[in-house]
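Chain and residue survey
Each chain is listed here by its residues.
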Amino acid sequence: MSSEKPRDASYATAVKDAIEQFRDKERAFLLTYKSPKPEYDDRPSWYYAAHMSYYAEVLFVLKGVKPCVLFASGDQAHTQAIIDTCLKPVLEQFDLLSYGFRLQQITHPLPRLRTRASRT
């Protein structure tokens, strides 16, 4: 027997409110994001909010269109900060985990790149 809540009208309301809050939190976070290598980054301040947003992907999962969202970027601290600052509080506030969703961190070591010099 499943202990998940049914995805009924109250779920639809929770999703609407949750995704709006997540969108706003994420936008505010991304508008203040600073590249870890500013000397190589000449993008305008709105670039990250326009191109690194996950809220639509999260909405697709909550609506059942997609099975999952992969949060990934070249900056692990940035990705973790979005999850901790924006997503987790919304999941908790709207009790979305009780509808069968889960937040799963998948980590693995990156392969060590071999250079030409290390092969000899």
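Residues numbered from 1 in each chain as written. Predicted model: local features only at pLDDT ≥ 70, side-chain atom pairs only at ≥ 80, totals over all residues. Heavy atoms only, no water.

1. Brief notes about the overall build of the protein chain
Quick reminder of the rule: Here a helix means four or more residues in a row that DSSP labels H or I, a strand means two or more in a row labelled E, and each is numbered from the N terminus. In this description, contact between two residues means that some pair of their heavy atoms is separated by no more than 4.5 Å. Methods summary: accessible areas were calculated by the Shrake-Rupley approach with a probe of 1.4 Å, and residue burial reflects only the protein chains presented.
Looking only at helices and strands, the protein chain has five helices and zero strands in total. For the protein chain, the succession of helices and strands along the chain, N to C, is α-α-α-α-α. Sequence-distant contacts in the protein chain: of pairs separated by 6 or more residues, those separated by 24 or more amount to 62%. By element, 55% of the accessible surface of the protein chain is carried by carbon and sulfur atoms, the whole surface being about 9000 Å².

2. Describing the layout of surface pockets
The rolling of a water-molecule-sized probe over the atoms marks out the regions of remaining empty space. In plain terms, the rule: Of the two site types, the cavity is a set of points on a 1 Å grid over the protein atoms alone where a 1.4 Å probe fits but cannot get out, and the pocket is an open set with protein on both sides within 12 Å along at least five of seven lines, each lined by residues with an atom within 4 Å of a point. Grid points are joined across faces, edges and corners, and a volume is the space filled by probe spheres set on the points.
In this structure, the largest pocket spans a volume of roughly 1100 Å³. Breaking the lining of the largest pocket down by element, the ones donating at least two residues are α3 (55-62) and α4 (76-93).

3. Points about unusual backbone geometry
The condition is simple: Per-residue accessibility, obtained with a 1.4 Å probe over protein chains only, is compared with the maximum for each type, and a residue is labelled buried under 20%, exposed over 50%, and partly exposed between these values.
With a phi close to 55°, Asp 95 is a non-glycine residue in the positive phi region. Along the polypeptide, Asp 95 turns up in the loop between α4 and α5 (116-119). Residue Asp 95 is classed as partly exposed on the basis of its relative accessible area of 33%.

4. Some remarks on α4
Applicable threshold: Given a helix with a known number of residues, its expected span is that number minus one, times 1.5 Å. For a residue, the bend is simply the angle between two axes, fitted respectively to the seven-residue segment ending there and the seven-residue segment starting there.
For α4, which comprises 18 residues, the first-to-last C-alpha distance of 25 Å matches the rise-based estimate of 26 Å (1.5 Å per residue) to within 8%. Along its length, α4 reaches its greatest deviation from straightness, about 35°, at Leu 87, and the proline Pro 89 lies no more than four positions downstream. Taken residue by residue, α4 has His 78, Thr 79, Ile 82, Ile 83, Cys 86, Leu 87, Val 90 and Leu 91 as its buried positions. On its buried side, α4 packs onto α1 (9-31) and α3. Once α4 finishes, Asp 95 follows within two positions and takes phi at roughly 55°, a positive value.

5. Overview of the nonpolar core
Which entries qualify depends on this criterion: The term nonpolar core refers to a set of buried residues drawn from Ala, Val, Leu, Ile, Met, Phe, Trp, Tyr and Cys, joined through side-chain atoms within 4.5 Å.
Ranked by size, the top nonpolar core spans 24 residues in total, and within it Tyr 11, Phe 22, Val 58, Leu 62, Phe 71 and Leu 96 carry the most contacts. Broken down by element, this core gets its largest block of residues, seven residues, from α1. Excluding anything up to four places from it in sequence, Tyr 11 contacts Pro 6, Leu 62, Leu 96, Tyr 99 and Phe 101.

6. Quick notes on empty space enclosed by the protein
Let me state the cut-off plainly: Put simply, Ala, Val, Leu, Ile, Met, Phe, Trp, Tyr, Cys and Pro go in the nonpolar bin, Asp, Glu, Lys and Arg in the charged bin, and everything else, Gly too, in the polar bin.
Applying the stated criterion across every chain yields a total of one cavity of 30 Å³ or more. Of the volumes computed, that of the largest cavity is approximately 40 Å³. For the lining of the largest cavity, the secondary structure elements donating two or more residues are α1, α3 and α4. Split into classes, the residues belonging to the lining of the largest cavity amount to nine nonpolar, no polar and no charged.

7. Topic: the packing of α1 against α4
Rules: Each axis is a line fitted through C-alpha atoms, and for a helix only the stretch in contact is used; angles between axes span 0 to 180 degrees, taken between their N-to-C directions. Reported orientations rely on four angle classes, namely roughly parallel under 35 degrees, roughly antiparallel over 145, roughly perpendicular from 65 to 115, and oblique for the rest. Two helices cross in a left-handed way if the nearer one is turned anticlockwise from the farther one by less than a right angle. They cross in a right-handed way if the turn is clockwise.
For the pair α1 and α4, the least separation of the axes is 9 Å and the interaxial angle reads 155°. Looking at the two axes, α1 sits roughly antiparallel to α4. The two elements α1 and α4 meet at a crossing, and its hand is right-handed. Residues Ala 18, Gln 21, Phe 22, Lys 25, Glu 26, Phe 29 and Leu 30 of α1 form the contact with α4, whose participating residues are His 78, Ala 81, Ile 82, Thr 85, Cys 86, Leu 87, Pro 89, Val 90 and Gln 93. Looking at side-chain class alone, the contact of α1 with α4 contains ten nonpolar, four polar and two charged residues.

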